[in-house]
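So the chains spell out like this:
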Amino acid sequence: MSKTESNAAGATSALEIRDTRTGTSYSVPIMPPATEGDTAIRAMDLRQIKQKPDEFGLMTYDPAFMNTASCKSAITFIDGDKGILRYRGYPIEQLAEKASFLETAWLLRNGELPTQTEYDDWKHQITYHTYVHENIKTFLQGFRYDAHPMSMLCSSVAALSSFYPDAKNIEDPAERHISIVRLLAKLPTLAAFCFRHVKGLPFIYPDNDLGYVENFLSMVARMSEPKYEGNPAFVKALEVLFILHADHEKNCSTNAVRAIGSSHVDPFSAVAGGIAALYGPLHGGANEAVLHMIKEIGDKKNIPAFIESVKAGKGKLMGFGHRVYKSYDPRARIVKKLADDVFKVVGIDKDLEIALELERIALSDEYFISRKLYPNVDFYTGLIYRSMAFPTDFFTVLFAVARTAGWLAQWEEMLLDKEQKIARPRQIYTGYGERAYESTISHGGRGGGKDAVRK
Ligand code: SDX
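These numbers come from a predicted model, not from an experiment. (Residues numbered from 1 in each chain as written. Predicted model: local features only at pLDDT ≥ 70, side-chain atom pairs only at ≥ 80, totals over all residues. Heavy atoms only, no water.)

Undergrad: Report on the site of the ligand, specifying residues and quantitative values.
TA: Around the ligand, a shell composed of 23 residues is seen, among which H248, L317, H322, R323 and R331 lie nearest. Contact distances for the ligand include 2.6 Å between an oxygen atom and a side-chain N or O atom of H248. Within the contact set of the ligand, an oxygen atom lies 2.9 Å away from a side-chain nitrogen or oxygen of N376. With the chains in place, 74% of the 1000 Å² that the ligand exposes on its own is no longer accessible. (Near = heavy atom within 4 Å. Polar contact = N/O pair within 3.5 Å; in protein donor to acceptor, adjacent residues only side chain to side chain. Areas by Shrake-Rupley, 256 points an atom, 1.4 Å probe, with all protein chains shown as cover.)

If you want it as structure tokens, here you go:
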């Protein structure tokens, strides 16, 4: 049983549990509330609750971790009821308005805002690691012209691991640092190369004169002009969107990165796993799914029928709902305002009108209100990306570029957490008891006979 944990006042709060199967009572310490009041009991303290001494003991059963804290973390705080999101204590609204993405990436990892010297050095390091090995180009050219860019990005980030074998030395702070720099620096390059491959355009190399976001846009959009000049409204919008998407506590993809990283594999492989998780339509793939949904609706007059189909369980209102936010996602509020700014440049269009009407109707409908379904960060993001001429299947790639900052901060926090070990949940076994094997097939066609591997 863990050592008794007393709260700030020194008193020991506990859960008094009585097992009616045996009549035995147990006192399970309640962990002292953390900074924002989060508290829990240690699941391992339940293992003492048994009917017989040789039993395994009680576990908690929590599909999808609806009520399970897998770690302690100081990086991001979310209050889902109050719609609060803070990176290292700083409200997302203030960071989105005043910070840069690289400054935010530093903050997420290091816990404090950088000094000017730290920031200038950080930017320099990242700027001078944006190139990827030329063989990655050949690797990417192996994909079909219509390959989904998330498949390409996931594969190419995993492939990067083979170019940096020393990244496996995850105990070495210097190796962790250079891997973090390489991943933050090269994700935009890889993302842009994926874009250019699908478009059948030549790859554009990084331009070290440009800032992080503008360099990314240059690698995506530059054609024959000698120097790319980004539209300031788009550069600013993307900087803000990258900040908003940088981290989000223990979301599905971050959980994946932490679990994969807990095996002590290199961070390139762990981030590739995060990209794979983010690809799903219930997670980062939702921004792409929102646009498909709006296209399917086609016209504002079709919205009532679409809403009824969702309420009848024939699909979800993509871009709505959240595991944690049971009020408006604070990021969605910022993105909606950003959309207004961008559409002032490109002009409002039918899809935005459908989105605005969809939101208006959903926010007044009891079905969504009762389920606390509000727009999340993905609802308006896709409309902005589309207005910047990004293809729909590229939206989640943009999410992945930004979330790499959070994944890496969370990955390193996990490695440095003395309480963490290789992630390996238990299960409740519901299968057969022991039974004897009796073959039900003929094994003649094993494929190649006994010499198969010796030829
Ligand atoms: C992201 O975790 C994060 O932090 C993620 C993220 C991040 O920054 O990393 O914020 C990014 O992934 C945002 C979410 C993007 N996904 C979508 O927009 C897809 C649509 N949303 C849903 O699939 C859903 O809301 C989830 C996946 C986001 C959350 O699902 P939960 O918490 O498991 O909730 P649930 O599926 O149990 O839903 C509860 C009820 C159910 O109805 P009943 O069975 O009780 O009748 O609400 C319904 C659901 O059917 N519901 C929806 C709905 N979302 C939930 N009904 C219609 N449309 C929806 N969007």
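Read on, since the account is not over.
Undergrad: Which residues make up the side chain of E357, and what values go with them?
TA: Its place among the elements puts E357 in helix α14 (residues 350–362). In this structure the side chain of E357 is engaged in a polar contact, spanning 2.7 Å, whose partner is the side chain of R360. When residues no more than four places from it in sequence are discounted, the contact partners of E357 are K300 and I303. (Helix = DSSP H or I, 4+ residues; strand = E, 2+ residues; numbered from the N terminus. Contact = heavy atoms within 4.5 Å.)

Undergrad: Describe the pattern of salt bridges, listing the residues and the values that go with them.
TA: Per the stated rule, a full pass over the model turns up 22 salt bridges. With a closest N to O distance of 3.6 Å, K344 and D341 form a salt bridge. With a gap of 3 residues between them, K344 and D341 both fall in helix α13 (residues 330–346), about one helical turn apart. Since its relative accessible area comes to 67%, K344 is described here as exposed. One salt-bridge network, held together by shared partners, links K295, D349, D351 and R386. (Salt bridge = Lys/Arg side-chain N within 4 Å of Asp/Glu carboxyl O. Buried < 20%, exposed > 50% of the residue type's maximum accessible area, 1.4 Å probe, protein only.)

Undergrad: So, the pairing of strand β4 (residues 84–87): which residues are in play, and what are the values?
TA: Alternating positions in β4 separate cleanly, L85 and Y87 being buried on one face and I84 and R86 remaining unburied on the opposite face. Strand direction decides the pairing type here: strand β3 (residues 76–79) and β4, joined by 4 bridges, are antiparallel. Residue pairing in the sheet places I78 in a bridge with L85 of β4. Here β3 hands over to β4 after 4 residues, with G83 in that stretch at a positive phi of 65°. Examined bridge by bridge, β4 and strand β5 (residues 90–91) share 2 bridges and lie antiparallel to one another. Residue pairing in the sheet places R86 in a bridge with P91 of β5. Adjacent in sequence and paired antiparallel, β4 and β5 are bridged by 2 residues, among which R88 carries a positive phi angle near 50°. (Pairing = 2+ DSSP bridges.)

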